[in-house]
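Letter by letter, the chains look like this.
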Amino acid sequence: MEILELKGATKCFGGLTAVGDVNFTVPKGTITGLIGPNGAGKTTIFNLITGVYKVTRGNILFDGKDIANKEPYLIADVGITRTFQNIRLFKKLSVYENILTACHNNAKYNVLDAVLRLPQYKREEKQLKEQAENLMEIMGLKDRRDLVANNLPYGLQRRLEIARALALNPRLLLLDEPAAGMNPDETDQLMHLIFEIRKKFNLSVLIIDHHMDLVMGICEKIMVLNFGCKLAEGTPSEIQNNTKVIEAYLGVEG
Amino acid sequence: MDTYVQGILILAGINLMAVLGLSLLTGFTGLFSFGHAGFMAIGGYTAATMTVKFHWPFIPALLMGGLMAALLSVFIGRLTLNLKGDYFCIATLGFGEATRLILDNVQYFGGARGWPGIPNYTTLTNVIFINIIGIIILANLIRSRHGRNMIAVREEELASQIVGINVFKYKMMSLMISASYAGIAGGLMAHYMTFLQPKMFSLIKSTELTIIVIFGGLGSISGSVLGAVVLTALPEVLRSFASWRLVVYGLAVIIIMISRPEGLMGGYEFTPSSMRKLFSRLKKKNITAEGGK
Amino acid sequence: MVQFLQQLINGLSIGSVYALMAVGYSLVYSIMNFSNFAHGGVIMFGAYFGFFFLTLFHFSFPVAFVSAALCTALLAVLIERTAYKPLRERKAPFLYFIICAMGASIFLENLVIAIPAIGPTFRTYPEIFSKEPFHLGLLTIGRLDVLMFIISAVCLALLVYFIDYTKVGKAIQATSYNIKASALMGINTDHIIIIIFALGGLFAGIAGVLFGMKYTVYPQIGMITNKSFIAAVFGGLGSLPGAVIGSILLGIIETFTSGYISSQYRDLIAFVLLIGILVVRPSGLMGKTTEDKA
């Protein structure tokens, strides 16, 4: 069963085709990897899935429904969220506030409830706060609760971004280079964390990263992108032995 | 109370009402408006029409002024809130000036010559009362998911979208509430001055409101209150300083942005809990100081 | 027909001065991506510099003209150094730039009012050129209008030459295209920013003097210069040809409005036009539309 399916997804910027006719699927409950050399169009695919860019041609199906060209916030409502390559936190807010803000859709009270502090507001606000505390606990951010996001160490900023994404209760989580700038130790921790959250939150993960140990270590399926086109698709061992992939990464000998 | 002091306080209260609204828009949602005087004008002329021409009571007339300003803001917002960068602020500049210039030509309201004879309904009591309600509504809003979403929009639009915040909707909500505050402030002003003239709502008025918000601190309601009272009272107290007032304001804005862009309050609020924290911190300091001796 | 041509000529003349002012807005926008509202204040200072050089120091017209332009160039650079540079270095959000620009504009305008020797009074430039107009068939063309048009056209032509054919000009183009990449390619973007502010200031001074000669000098000239800002938006902020075309069009639309409808609506038309263009095509007539990169 596929949670996400790209059918001939194409994105052109003027004359440049950043992503050309890409077909691939993310099976439900898996961790799928998206790799490729720099400029291959990986982040562009994330931007297409999350509605940041409009698709030039093709379809993007989430749980069988076409979500291409929807506004990003609607795609978040459907159950897809992401992190960014160049971390985008609410910089001046605290760790707690970052997560609490993202919990917003789990409450339904309206402006009037809030202004008059009606029971629904109080009840739901309490739930949101519990959820936020809970997420901080899971992600190991509890002791940095009131620290401003911008002052967090780099690794924890990445963690916070994942925590914020989880606040939406997503069904598909897109991680854009979560291990960028991390040392092997931290990368290892991150791997475990991704495993853990998949189990705990029962979600599917699509991950872009250049750390091959990470990608080969946790992904059940990998797609390789080169110059905006699909180069190969398969299990980690299949990809490792694929001559085309080796060529793209290391160049052709002779 | 001395009528002179009373007058200053009423003016401060009127400014505060408009500043509270602008604070929500600029300080909490990150949108810069050059046209809030336009919303004040709409509110002022509407409220005055209601009391003078239709003999409505004061409070409903005020609310009508706020409502009209909000309606107009929906129209403006629909057209311009999707614009990137400072285009929204440019559009509000156009709106504010256009409103003033249109009113200059509406003879029904006395055109550029002005409209005298509006009843004097605004008193210190009702100004304070309305402002307290305004502050409570704003404070409650800010501490709800809706307020947090507005702050998120200010911080990072794309990330807001990704966590499911309808950026346009929240900008619109902020603009509407902001405009209705300005509209009510305009109504209060009309019934305090007993006279309306389009010139009262020029670009300078808009920028003055923004200066107060910046002075008090972007993202702080307490700051806006402090800013409105201080910056309204100060020039009244220092009469001889009057001609230099705006020179100093302009310079102060630059200095604030360069050295302390978070303004006087820097995002902090005077709330019972924050005061308690402050006192306990001071106490601790005293104890350690004494212990040092 | 005669009236039509007459209005067209008047419109061209005022539009060309708007263009001089508008390029200042556009130059700064093209590189720093914010609306430099302080530019209006600089234009106003230009008008005063020219006035005092002529009346107080009794400079000859060309000397006063050039000195005023140099002074405003210096002023514009000074504003950039004190108000914007600290923000740039801190990578402050663009909102802060606009607020700072607004502060600078309030400061400049009210400084002139507050200085007792200048004050809010209206001042008239001494008569340098005879008021006797040229007659061209049934058309009458003021000497000043011709002068305004010629000076503006020459200045704009020089600017185009500078931007398109000199090394510095090419560096400006590169910087406006991508400031970070330009810095990496060895362009000193800090110098480029000084240059564009100096250029904008230079033109502001020229425009200020011309404007002061045509009308009068008073502290709120900045309010009128807002219209050149509208022209820049109309043509597409950040685009120089856009700024010129937008200005000429605005000048013509304004004179036609006051000629055929009523001068009362002249200012209103400008602001309605501003909102209209923002709604229909926010990037203006010639502005670039870009898709944000995430």
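Everything numeric in this text was worked out from a predicted model, so none of it was measured.

Undergrad: Before we move on, could you go through the overall build of chain A and cite the residues and values that matter?
TA: A count of helical and extended segments in chain A gives 10 helices and 10 strands. Relative to a compact globule of 254 residues, whose C-alpha radius of gyration would be 18 Å, chain A shows 19 Å and is just as compact. Every one of the 254 residues in chain A was classed for burial, and the buried ones make up 44%. Here the analysis covers contacts within chain A between residues at least 6 apart in sequence; of these, 66% occur between residues at least 24 apart.

Undergrad: Requested: an account of the interface of chain B and chain C, with residues and values cited.
TA: Taken together, the 33 residues of chain B in the interface contact 34 residues of chain C. Mapped by element, the contributors of at least two residues to the side of chain B that touches chain C are helix 3 (58-80), helix 4 (87-104), helix 9 (203-216) and helix 11 (245-259) of chain B. Sorting elements by how many residues they give to the side of chain B that touches chain C places helix 4 of chain B first, with 10 residues.

Undergrad: Mind laying out the interface of chain B and chain A, listing which residues take part and the relevant values?
TA: A common way to report how large an interface is uses the accessible area buried once the components associate. With 21 residues of chain B in contact, the opposing surface of chain A contributes 28 residues. Mapped onto the side of chain B that touches chain A, the elements with two or more residues apiece are helix 5 (124-142), helix 6 (145-155) and helix 7 (157-162) of chain B. In terms of residue count, helix 6 of chain B provides more of the side of chain B that touches chain A than any other element does, seven residues in total. Residue composition of the side of chain B that touches chain A, grouped by class: 10 nonpolar, seven polar and four charged.

Undergrad: Which residues make up the packing of helix 9 of chain B against helix 11 of chain B, and what values do they have?
TA: The description of two helices packed together rests on the angle between their axes and the distance between the axes. All names here are of chain B. Look at helix 9 against helix 11: their axes get within 10 Å of each other, and the N-to-C directions meet at 40°. With respect to each other, helix 9 and helix 11 are oriented oblique. At the point where helix 9 passes helix 11, the crossing takes the left-handed sense. Along the contact surface, helix 9 presents Ile211, Ile214 and Phe215, while helix 11 presents Tyr249, Ala252, Val253 and Ile256. Across the contact of helix 9 with helix 11, the residue classes tally to seven nonpolar, no polar and no charged.

Undergrad: Mind laying out the packing of helix 6 of chain B against helix 8 (residues 167-193) of chain B, listing which residues take part and the relevant values?
TA: Residues and elements named next belong to chain B. Closest axis-to-axis distance for the helix 6/helix 8 pair is 10 Å, and the angle between their directions is 110°. When the axis of helix 6 is compared with that of helix 8, the two are roughly perpendicular. Contacts between helix 6 and helix 8 involve His146, Asn149, Met150 and Val153 from the former and Val167, Tyr170, Lys171, Met173 and Ser174 from the latter. Partitioning the contact of helix 6 with helix 8 into residue classes produces five nonpolar, three polar and one charged.

Undergrad: Can you break down the domain arrangement of chain A residue by residue, with the values?
TA: Residues and elements named next belong to chain A. As assigned here, chain A comprises domain 1 (1-79 + 169-254) and domain 2 (89-168). Using only C-alpha atoms to locate each centre, domain 1 and domain 2 end up separated by 27 Å. Listed by partner, the interface residues are 12 residues for domain 1 and nine residues for domain 2. Of the residues belonging to the side of domain 1 that touches domain 2, the class tally is seven nonpolar, two polar and three charged.

Undergrad: Help me get a handle on the pairing of strand 9 (residues 221-226) of chain A, residues and values and all.
TA: All names here are of chain A. Burial runs high along strand 9: five of the six residues are buried. Strand direction decides the pairing type here: strand 3 (residues 31-35) and strand 9, joined by four bridges, are parallel. Residue pairing across strands places Leu34 opposite Met223, the latter belonging to strand 9. One ladder, built from five bridges, connects strand 9 with strand 10 (residues 229-234); its direction is antiparallel. Across the sheet, the residue bridging to Val224 is Ala232, located in strand 10. Here strand 9 folds back onto strand 10, and the loop between the two strands holds two residues, one of which, Phe227, carries a positive phi near 50°.

Undergrad: Break down the sheet that holds strand 4 (residues 57-62) of chain A for me, citing the residues and quoting the values.
TA: All names here are of chain A. Taken together, four strands build an open sheet; the order of strands is 2-1-4-5 and the sheet is antiparallel. Here the strands that pair on one side only, and so sit at the sheet edges, are strand 2 (16-27) and strand 5 (65-66). Here strand 4 runs beside strand 5; their pairing, made up of two bridges, is antiparallel. Its bridge partner lying in strand 5, Phe62 is registered against Lys65. Its contacts with the sheet place helix 1 (residues 42-49) against strand 1 (2-13), strand 2 and strand 4, and it is angled at close to 70° to strand 2.

Undergrad: Describe the sheet that holds strand 10 of chain A, naming the residues involved and giving the relevant values.
TA: All names here are of chain A. What the six strands build is an open sheet, ordered 6-7-8-3-9-10; its pairing is mixed. Of all the strands in the sheet, just strand 6 (80-82) and strand 10 have a single pairing partner and so form its edges. Neighbour-to-neighbour, the strand axes of this sheet turn through a mean angle of 20°, independent of strand direction. Judged from the five bridges that link them, strand 7 (residues 172-176) and strand 8 (residues 204-208) form a sheet pairing that is parallel. Looking at the pairing, Leu175 lines up with Ile207 of strand 8. Sheet strands in contact with helix 1 are strand 3, strand 6, strand 7, strand 8 and strand 9, and its direction is about 150° off that of strand 7.

What counts, and at which threshold
Residues numbered from 1 in each chain as written. Chains lettered and ligands numbered in written order. Predicted model: local features only at pLDDT ≥ 70, side-chain atom pairs only at ≥ 80, totals over all residues. Helix = DSSP H or I, 4+ residues; strand = E, 2+ residues; numbered from the N terminus. Rg over C-alpha atoms; globule rule 2.2 N^0.38 Å. Buried ≥ 20, exposed ≤ 12 C-beta atoms within 10 Å, placed from the backbone. Contact = placed C-beta atoms within 7 Å. Nonpolar A, V, L, I, M, F, W, Y, C, P; charged D, E, K, R; others polar. Axes fitted to C-alpha atoms, helices over the stretch in contact; angles between N-to-C directions. Parallel < 35°, antiparallel > 145°, perpendicular 65-115°, else oblique. Left-handed = near helix turned anticlockwise from the far one by under 90°. Domains from an automatic or database assignment. Pairing = 2+ DSSP bridges.

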